[in-house]
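# Architecture and fold: a report
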Amino acid sequence: MGTGTFHECSTDSPDLTSYFSRCNSIKVDSGCWVLYEHPNYTGSQYILSPGEYPDHQHWMGFNDSIKSCRSIKNVYGKSWKIRFYDKQDFGGQAAECVEDCPSVYETFKFRELRSCVVMDGAWVLYEQPDYHGHQYFLERGEYPNYTDWGANSPAAGSFRMVTEL
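Every value quoted in this text rests on a predicted model; they were computed, and no experiment measured them.

## What about the UniProt feature "domain: Beta/gamma crystallin 'Greek key'" (unreviewed entry) in the chain?
Cross-referencing UniProt, the feature "domain: Beta/gamma crystallin 'Greek key'" (unreviewed entry) maps to residues 31-73 and 121-163 in the present numbering. Within residues 31-73, the helical portion is 0% and the strand portion 51%, while the C-alpha atoms at the span's ends are 8 Å from each other.

Structure follows, in structure tokens:
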């Protein structure tokens, strides 16, 4: 990785603006992290596992703005399970999954996911197929509407389990 100013995070950080204005590279030593474009865990989300990310394209960033981050606590379990619905408030057609899904449409014939329940593990939902586009972190709990996971639209193309590998 390059040289220059750096900031090391070992705990959740709601505001990184006093440490740097732009984030040119990231190194994750351990654990999985959610990085956010804006302070207070808002804006575009990027889910990173251990490794080196030399520029924002490597973490699929839309720009070099990282203003808050938090560690993902529940990636060490042995099971993952998520249930999606095509209507908000857990209505309509439901689909359950326990593994990575590169294409929501090909697997479930859904183009949109409007609510979900995460029963086990942590997940990343992607706006586009094959793990591209906006990312949304989903941890155990209920999400009655797509806005509850930070999305501006119900578009969903793929999702994967968050693991440290």
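## Considering the pairing of strand E2 (residues 32-38)
Within E2, 6 of the 7 residues are buried, leaving the element largely enclosed by the surrounding structure. As defined by bridge partners, E2 adjoins strand E5 (residues 68-72) across 5 bridges and the pair is classed as antiparallel. Directly across from Val34, in E5, lies its bridge partner Arg70. Judged from the 5 bridges that link them, E2 and strand E3 (residues 42-48) form a sheet pairing that is antiparallel. Bridged to Tyr36 within E3 is Gln45. Taken together, E2 and the strand that follows it, E3, pair antiparallel across an intervening segment of 3 residues, in which Asn40 is found at a positive phi of about 60°.

## Here's the deal with the sheet that holds strand E7 (residues 91-97)
On the basis of which strands lie adjacent, the open sheet formed by 4 strands has the order E7-E6-E8-E11 and antiparallel pairing. If you trace the sheet from one side to the other, it starts and ends with E7 and strand E11 (141-143), each paired once. Strand-to-strand, the axes of this sheet are offset by a mean angle of 15°, without reference to chain direction. Relative to E7, strand E6 (residues 81-87) runs antiparallel, the two sharing 5 bridges. The residue of E7 that forms the bridge with Ile82 is Cys97.

## A short note on the nonpolar core
In terms of nonpolar packing, the biggest core is built from 22 residues, with Ile82, Leu125, Leu138, Trp149 and Phe159 touching the most fellow members. Secondary structure elements with two or more residues in this core: E6, E7, helix H1 (104-108), strand E8 (115-120), strand E9 (123-128) and strand E10 (132-138). Of all hydrophobic cores here, the second largest spans 12 residues; its members include Leu16, Cys23, Ile26 and Cys69.

## Quick look at the environment of Arg70
For Arg70, the position within the fold is in strand E5. Residues Arg70 and Val34, spaced 36 residues apart in sequence, show a C-alpha to C-alpha distance of 5.5 Å. Of the polar contacts made by the side chain of Arg70, one reaches the side chain of Tyr36; its length is 3.0 Å. Side chain to side chain, Arg70 and Glu139 meet in a polar contact 3.5 Å long.

## Some details on the pattern of salt bridges
Enumeration over the complete set of coordinates arrives at 7 salt bridges. For Arg70, the salt bridge is made with Glu139, and the minimal N-O distance between the two is 3.5 Å. Of the two residues, Arg70 sits in strand E5 while Glu139 sits in the loop between E10 and E11, which places them 69 residues apart along the sequence. The closest approach of N and O atoms between Glu112 and Arg114, which form a salt bridge, is 2.8 Å. We classify Arg114 as partly exposed; its relative accessible area is 26%. Here the residues in one salt-bridge network are Lys81, Arg83 and Glu96, joined through shared partners.

## Here's the deal with the domain arrangement of the chain
Partitioning the chain into domains gives domain 1 (26-72) and domain 2 (81-162). Carbon and sulfur atoms make up 59% of the area that domain 1 and domain 2 hide from each other, which totals about 960 Å². It is Gln45, Ile47 and Met60 that lose the most area in domain 1 upon contact with domain 2, and together they represent 56% of the buried surface on that side. Taken together, the links from domain 1 to domain 2 amount to 1 salt bridge. Scanning the region where domain 1 abuts domain 2 turns up 4 residue pairs in polar contact (both at pLDDT 80 or more). Those elements that place two or more of their residues in the side of domain 1 that touches domain 2 are E2, E3 and E5. In terms of residue count, E3 provides more of the side of domain 1 that touches domain 2 than any other element does, 4 residues in total.

How each quantity is defined
- Residues numbered from 1 in each chain as written.
- Predicted model: local features only at pLDDT ≥ 70, side-chain atom pairs only at ≥ 80, totals over all residues.
- Heavy atoms only, no water.
- UniProt positions renumbered as here; feature names shortened; annotations may be inferred.
- Helix = DSSP H or I, 4+ residues; strand = E, 2+ residues; numbered from the N terminus.
- Buried < 20%, exposed > 50% of the residue type's maximum accessible area, 1.4 Å probe, protein only.
- Pairing = 2+ DSSP bridges.
- Axes fitted to C-alpha atoms, helices over the stretch in contact; angles between N-to-C directions.
- Core = buried A, V, L, I, M, F, W, Y, C linked by side-chain atoms within 4.5 Å.
- Polar contact = N/O pair within 3.5 Å; in protein donor to acceptor, adjacent residues only side chain to side chain.
- Salt bridge = Lys/Arg side-chain N within 4 Å of Asp/Glu carboxyl O.
- Domains from an automatic or database assignment.
- Buried area = accessible area lost by both parts, 1.4 Å probe.

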